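# Chain and residue survey
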Amino acid sequence: MRHLLDTQTLVREDAMRILDVAEDMADTQRREVKKLPTLRGKTVVNLFFEDSTRTRISFEAAAKRLSADVINFAAKGSSVSKGESLQDTAQTLQAMGADAVVIRHGASGAPRTLATSGWITAGVVNAGDGTHEHPTQALLDAYTIRKRRFGDDSRGRDLSGISVTIVGDILHSRVARSNVWLLHTLGAEVTLVAPPTLVPQDVSRWPVRVLFDLDEALADGPDALMMLRIQLERMNAAYFPTEREYSRRWGLDARRLATLPADSIVMHPGPMNRGLEISAEAADSPRSTVLEQVTNGVSVRMAALYLLLAGVERDEDPRASTQKESTR
Ligand code: NCD
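Residues numbered from 1 in each chain as written. Predicted model: local features only at pLDDT ≥ 70, side-chain atom pairs only at ≥ 80, totals over all residues. Heavy atoms only, no water.

### Comments concerning the site of the ligand
By nearness alone, every residue bordering the ligand is listed as Arg54, Thr55, Arg104, His134, Gln137, Arg174, Val175, Arg229, Gln231, Pro269, Gly270 and Pro271. One of the side-chain N or O atoms of arginine 229 is found 2.8 Å from an oxygen atom in the ligand. At 3.2 Å from an oxygen atom of the ligand is found a side-chain nitrogen or oxygen belonging to glutamine 231. Taking a 2 Å distance to the grid points as the criterion, the majority of the atoms of the ligand fall inside the largest pocket. Counting residues per element, the ones that place at least two in the shell around the ligand are helix H2 (54-65) and helix H6 (174-185). (Near = heavy atom within 4 Å. Polar contact = N/O pair within 3.5 Å; in protein donor to acceptor, adjacent residues only side chain to side chain. 1 Å grid on protein atoms, 1.4 Å probe; cavity = no way out; pocket = protein on both sides within 12 Å on 5 of 7 lines; lining within 4 Å. Sits in = over half its atoms within 2 Å of the grid points. Helix = DSSP H or I, 4+ residues; strand = E, 2+ residues; numbered from the N terminus.)

### Quick notes on the nonpolar core
One finds Ile145, Ile166, Leu192 and Leu305 to be the most contacted residues of the largest nonpolar core, which totals 87 residues. No other element matches the nine residues that helix H11 (residues 290-309) contributes to this core. Of the residues that make up this core, three or more belong to each of domain 1 (12-133 + 293-326) and domain 2 (135-289). Apart from the residues within four sequence positions on either side, leucine 305 is in contact with Leu39, Val44, Phe59, Ala62, Ala63, Leu66, Ala100, Val102, Val125 and Ala310. By size, the runner-up hydrophobic cluster in this structure holds 18 residues, among which are Phe49, Leu86, Trp119 and Ile120. (Core = buried A, V, L, I, M, F, W, Y, C linked by side-chain atoms within 4.5 Å. Buried < 20%, exposed > 50% of the residue type's maximum accessible area, 1.4 Å probe, protein only. Domains from an automatic or database assignment. Contact = heavy atoms within 4.5 Å.)

### Remarks on helix H5 (residues 135-150)
Relative to the 22 Å expected for 16 residues at 1.5 Å per residue, H5 spans 22 Å between its end C-alpha atoms, a close match to the ideal helical length. The element H5 is extensively covered by neighbouring structure, given that twelve of its 16 residues are classed as buried. Inspection of H5 places Pro135, Thr136, Gln137, Ala138, Leu139, Leu140, Asp141, Ala142, Tyr143, Thr144, Ile145 and Arg146 among the buried residues, and these make up the whole buried set. Glycine 151 sits one or two residues past H5 and shows a positive phi near 55 degrees. (Expected span 1.5 Å × (residues − 1).)

### Examining the environment of alanine 100
Its location among the elements puts alanine 100 in strand S3 (residues 100-105). For alanine 100 and methionine 25, which are 75 residues apart along the polypeptide, the C-alpha to C-alpha distance reads 19 Å. Each residue touching alanine 100, except ones within four places of it in the same chain, is listed here: Thr43, Val44, Val45, Ala122, Gly123, Leu305 and Leu309.

### Thoughts on the environment of valine 199
Secondary-structure assignment places valine 199 in the loop between strand S6 (189-193) and strand S7 (209-211). Classification of valine 199 as buried rests on a relative accessible area of 19%. Along the chain, valine 199 and leucine 114 lie 85 residues apart, while their C-alpha atoms are 29 Å from each other. Not counting residues up to four positions away in its chain, the partners in contact with valine 199 are Leu171, Ala194, Val210 and Phe212.

Here's what the structure looks like:
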């Protein structure tokens, strides 16, 4: 693997490899000394054009536990037009000797542009691009589902036969998109539930079933119920009448929680709007995996960085690497 840009093109073998290596990483994280020497001498740059707390900190923890040097670059608020600023920034990172760039950007496709531009030789990890994808979130979600289901017996297993229902603001959610592709690749059955206004136009081309009624979806007893954050910052129109109405029809409250089978789990990528898409009872219940998802995120990101960087020598000259690739 040279980059981790999306789950739509991530093949099953690579996805399983990341999940299994993440198991090994999690084992090392239970030791007293958590730090491994694996990426000593490598430089990981966190390039964040959009706000983020948990994803940035998670990547930082992952890189540091592998002994990489970490540079945090909050590029938000640049006045240069986006294409230019990305190129300038990339060339600066190249000059600094970055081995991996973890990028979060408001524009869908920015990580792929960075990876294929020839501006840098670093491996690129997409940490969320616009409404497009957020592959490490989907990988940590799959890891969490697998761990709850199979425990210490998780290695080598996919998600065949497991049903996952994703609820809420699908339209604006890169987490939903990345999950749909990855869960499908791993054999899970995916149902999406949302108000009609928050279902993307091209959903008929996704490998999912779409429902508009949450209670109907809950009656099927999904193994995992993933509640999405209502992304108010990406909404430029009224997608639902009021927050109260949204919460009444599509929110997970104590009554709905009680209708789920005893071993179903409740997931949320965070940050949560408590009282809107998820009630406090649901968020804090023993079925909630919200904090496990955060813990697992570090192991999954360690695995991704390890697979991208361990044993890889990068060329000094980015043009050399694109030339080599084009003649291959
Ligand atoms: C998600 C994101 O930024 O896409 N959050 C995250 O990575 N922790 C989901 C969200 O913001 O709702």
